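Descriptive structure summary
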Amino acid sequence: MMIALVLVVAVLAGPAAARECRPEDVHFEMMTGYVYSAPGEIMATSPGVLRLGECVEQCRHNASCHAVNFETGLCVLFAGSYADQPGALTKSQFPVFTIFAQKTCIRASCSRPWVFEVVRGNELRTYIRRRRRVGTRRECMELCLQEHEFTCRSANFNHETGDCAMSDMDRFTVSGLNSLSPEEHIDYIESNCVSDPLKMCDFTQLAGRILKTVDSIYQDVSSVDQCRQLCLQSTEFRCHTFDFGDTGPGVCRLSHHAAPSLQHIEEPYLELEAATTHQLTACYNVTVDCRASDMVARIRTNKVFNGKVYAKNRPNSCVADVVNDLEFDLRLGYHDLNCDVKQDALGRFSTDIIIQHHDQIVTSQDVGLSVRCSYNLQNRSVGHGMELQVSGDPDGSEENAFVLSPTVTMRITDRQGHDIHTAQVGDALSLRFNILDEDTPYQIFVRELVALDGVDSSEILLIDSLGCPTDPTIMGPITSVDDVARSLQAPFDAFKFPTSDVVQFKALVTPCLPSCEPVSCDVEDYYGIERRVDSYGKRKRREVGSKKDEDMLLVQSIRIADKFQFSKEDEANRAGLTEKGGEQPFCMNILGLAAAATIFLCTQVLLVMVCLWQRKWRSESTPPYHIYRRGF
């Protein structure tokens, strides 16, 4: 055993030459969707292996092993690798996909099972930060790991020119299915050695499917929340997906893959009606720098951010616009009226900020934070919350526009079609367009649907002039509710503008004869998954000599409650009424005692007056014998 530790290991870094490699420099590069087919070089087949990391470690500790194939529950070790036999590496066949990993020699202080994942024949063309000329893909990997001016998350290596283009982004931070572009002579390499912010994380649910191959399986997990924590606390890889209980009771499955990293895999999901895949959307790490005259809220996120961060009560005057960044901050001056920072007590300052993804409107993706600095305690703290509660006036204002032929209305409803007048950000709602005339021969289509701010008339286009949704993450396509297209709906999650809780919708609706044909729209969701959908936003071509249809302008309004309502405990903390580990301030105790004493005295005076009045009344109206009877 001691002899094995001092042996020099030869690891093939490329098809041409070998490199002497120290044991501590032996690492793995991985390819998803590829299988190494060399039956004569199989060293061992290990069924029942539930972790990709365990499979890799078996190969790492065997000097004769150079590569592995891994599928969930099966690990195969090989004495050769892709560097030995390039032709033996092929795409894994449908209906499963295999993960291939091979040894490489890289000087890196990374303890994870693999250091890079390689996607052959693809590149990330945007967000390039630095270019260098190198000889091999391994050298490009080392340059990325040794980069100090920025966090190198990925690189493109050109086999023909030796160009190594490094980036601080990867497939997950740009969050788009089309982030990679095919390029024959270029390999995209993605680091597994970087860390992501893992606080305040949200997951979305993909119903009816789970991944066919995952990185880790845990058994006897008690709940979906525990499975979620296992994903967020994973040390072997950057976990982006988990499912729980779909393959057996208490079974938690984790994967570093998500929709943006599976574009080159044929049908990577297994269709199961009752299954649910939980996919990581966004995480935020927030720190507060308490300085002499201001506080600075510094935000790190795991997905490229485009939007703004602003003081909740000053959305226009205390704001920082963010464009394509993973780290950003907001400076809040203590005596800056534009930022509305409150001094709760001597040396204590606080305010609320909003991280808003869209440039104009507040959606369910946005985050509200309470930031505080306390100088007398010589510490700093940051609180956060996303409390979505209905508040304010429950009566919404509404307007309706009607036309004579046919009569059409626009209503704001829940997804079941019931009218809604107030809501909270994130509620599942719909806009419904109905022809009220039962016997009308008309159908309708909708276009140029806009949402307006109830205060300063800011507006956002939701359905364009062709009838297609401009941003499906805000409003979906227009679909028919009935079979004759006389009732249409457009689903959306409730949103609001920062300066008002009233959102007004305006739309152009046009009747058509004899029928309306939907327009075909290419839409892309939050994860970059692109699909073609039909939307009732285009009329059928008018016949020659037919009567010209007139557009109808429909208007409807709804009151949307601000979801960033912080708890009473937070309000008390900001008001200086409570302090962690201490008593209430003396001045507040004096005021409280004075108020209590006043109330007590008033109560006593009132009781005395009532008793005197009752005694006088009884003495005048009650017979004497009754008084004596009360004495017994």
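These notes cover the structure that comes with them. (Residues numbered from 1 in each chain as written. Predicted model: local features only at pLDDT ≥ 70, side-chain atom pairs only at ≥ 80, totals over all residues. Heavy atoms only, no water.)

Digging into the overall build of the protein chain
Counting its secondary structure elements, the protein chain contains eight helices and 37 strands. Counting only residues that meet the buried cut, the protein chain has 49% of its 632 residues in that class. Once local pairs closer than 6 in sequence are excluded, the contacts in the protein chain between residues at least 24 apart make up 68%. (Helix = DSSP H or I, 4+ residues; strand = E, 2+ residues; numbered from the N terminus. Buried < 20%, exposed > 50% of the residue type's maximum accessible area, 1.4 Å probe, protein only. Contact = heavy atoms within 4.5 Å.)

Remarks on the nonpolar core
The tendency in soluble globular proteins is for nonpolar side chains to be buried side by side. In terms of nonpolar packing, the biggest core is built from 35 residues, with Leu 431, Phe 433, Leu 462, Met 475, Phe 495 and Phe 505 touching the most fellow members. At the level of secondary structure, the elements contributing two or more residues to this core comprise β27 (408–414), β29 (428–435), β30 (443–453), β31 (459–463), β33 (487–493), β34 (502–512) and β37 (552–561). In this structure Met 475 touches Leu 431, Leu 449, Leu 462, Ile 463, Pro 469, Ala 490, Pro 491, Phe 492 and Phe 505, once residues within four positions along its chain are discounted. (Core = buried A, V, L, I, M, F, W, Y, C linked by side-chain atoms within 4.5 Å.)

Brief notes about the sheet that holds β27
Strand order across the open sheet formed by four strands is β27-β29-β33-β32, with antiparallel pairing between neighbours. Single-partner strands in this sheet number two, and they are β27 and β32 (479–480). As paired elements, β29 and β33 share seven bridges and run antiparallel to each other. Across the sheet, the residue bridging to Ala 428 is Asp 493, located in β33. (Pairing = 2+ DSSP bridges.)

Comments concerning the pattern of salt bridges
Enumeration over the complete set of coordinates arrives at 31 salt bridges. A salt bridge links Arg 171 to Glu 117, with the shortest nitrogen-to-oxygen separation between them at 3.5 Å. On the criterion of sequence distance, the pair formed by Arg 171 in helix α4 (residues 171–174) and Glu 117 in strand β10 (residues 116–123) is long-range, its members being 54 residues apart. The exposure class assigned to Arg 171 is buried, which follows from its relative accessible area of 1%. With a shortest N-O distance of 2.9 Å, Asp 196 and Arg 238 are connected by a salt bridge. Of this pair, Asp 196 sits in the loop between β14 (181–191) and β15 (202–211) while Arg 238 sits in the loop between α5 (224–232) and β17 (241–244), and the two are 42 residues apart along the sequence. Linked through salt bridges whose partners overlap, the residues forming this network are Arg 22, Glu 24, Asp 25 and Arg 107. (Salt bridge = Lys/Arg side-chain N within 4 Å of Asp/Glu carboxyl O.)

Overview of the sheet that holds strand β28 (residues 422–424)
Read from one edge of the open sheet, five strands run β28-β37-β34-β30-β31, paired in mixed fashion. Looking along the sheet, the strands with just one partner apiece sit at the ends: β28 and β31. Averaged over all neighbouring strand pairs, the angle between strand axes comes to 30°, with direction disregarded. Sheet analysis places β28 next to β37, joined by three bridges and oriented parallel. By the bridge assignment, Thr 422 is partnered in β37 with Arg 559. (Axes fitted to C-alpha atoms, helices over the stretch in contact; angles between N-to-C directions.)

Section: the environment of Met 169
Structurally, the position occupied by Met 169 is in the loop between β13 (163–167) and α4. In contact with Met 169, not counting residues within four places along its chain, are Leu 124, Tyr 127, Arg 153, Ser 154, Val 174, Val 304, Asn 324 and Leu 326.

Details of unusual backbone geometry
In this model, Asp 220 sits at a positive phi of 60°, which is unusual for a non-glycine residue. Inspection of the secondary structure assignment puts Asp 220 in the loop between β16 (216–218) and α5. By relative accessible area, Asp 220 is classed as exposed at 74%. In the Ramachandran plot, Glu 267 falls in the positive-phi region, its phi being about 45° despite a non-glycine side chain. By secondary structure assignment, the location of Glu 267 is in the loop between β18 (252–255) and β19 (269–282). The partly exposed category is assigned to Glu 267, whose relative accessible area is 48%.

As for empty space enclosed by the protein
The gaps of empty space that remain are located by a probe, the size of a water molecule, rolled over the atoms. Within this structure, the stated rule accounts for two cavities of 30 Å³ or more. Its boundaries defined by the atoms lining it, the largest cavity holds a volume of some 70 Å³. In terms of lining residues, the largest cavity is bounded by Trp 114, Glu 117, Phe 172, Glu 190, Ser 191, Asn 192, Arg 238, His 240 and His 256. The residue makeup of the lining of the largest cavity, split by class, is two nonpolar, four polar and three charged. (1 Å grid on protein atoms, 1.4 Å probe; cavity = no way out; pocket = protein on both sides within 12 Å on 5 of 7 lines; lining within 4 Å. Points joined across faces, edges and corners; volume = space filled by probe spheres on them. Nonpolar A, V, L, I, M, F, W, Y, C, P; charged D, E, K, R; others polar.)

Examining the packing of aromatic side chains
What the rule picks out here adds up to nine aromatic pairs. With a centroid separation of 6.1 Å and an interplanar angle of 65°, the aromatic rings of Phe 492 and Phe 495 are classed as edge-to-face. For the residue pair Phe 492 and Phe 495, the accessibility class agrees, reading buried in each case. With a centroid separation of 6.1 Å and an interplanar angle of 80°, the aromatic rings of Phe 495 and Phe 505 are classed as edge-to-face. Pair noted here: Phe 495 is in the loop between β33 and β34 and Phe 505 is in strand β34, with a separation of ten residues, a long-range link. You can call Phe 495 buried: its relative accessible area is 2%. Using a relative accessible area of 1% as the deciding quantity, one classes Phe 505 as buried. By way of ring pairs, the aromatic residues Tyr 36, Phe 78 and Phe 100 are connected into one cluster. Positioned above the aromatic ring of Tyr 269 is the side chain of Arg 209, whose terminal nitrogen or guanidinium carbon lies 4.6 Å from the ring centre. (Phe/Tyr/Trp six-rings, centres within 6.5 Å; stacked < 30°, edge-to-face > 60°. Lys NZ or Arg CZ within 6 Å of the ring centre and 35° of its normal.)

Some details on α5
Those residues of α5 not exposed but buried are Cys 227, Cys 231 and Leu 232. Across the axial projection of α5, the buried residues extend over an arc of 140°, all falling on one side. Here the buried face of α5 lies against β15, β17, β18 and β19. (Arc of directions from axis to C-beta.)

Observations regarding the side chain of Thr 241
Structurally, the position occupied by Thr 241 is in strand β17. In this structure the side chain of Thr 241 is engaged in a polar contact, spanning 2.6 Å, whose partner is the backbone oxygen of His 257. Setting aside its immediate chain neighbours within four residues, Thr 241 contacts Leu 211, Cys 231, Arg 253, Leu 254, Ser 255, His 257, Ala 258, Thr 277, His 278 and Gln 279. (Polar contact = N/O pair within 3.5 Å; in protein donor to acceptor, adjacent residues only side chain to side chain.)

Brief notes about the pairing of β10
By the criterion of burial, β10 is predominantly enclosed, with seven of the eight residues buried. In this sheet, β14 lies alongside β10 in antiparallel orientation, the contact comprising seven bridges. Each bridged residue has a counterpart across the sheet, and for Asn 122 the counterpart in β14 is Pro 182.

Some thoughts on the pairing of β17
Where a strand is regular, its side chains alternate between the two sheet faces. Relative to β18, β17 runs antiparallel, the two being bridged by four bridges. When the bridges of β18 are listed, Phe 242 appears paired with Leu 254. Bridging between β17 and β19 involves two bridges; their strand directions are antiparallel. When the bridges of β19 are listed, Phe 242 appears paired with His 278.

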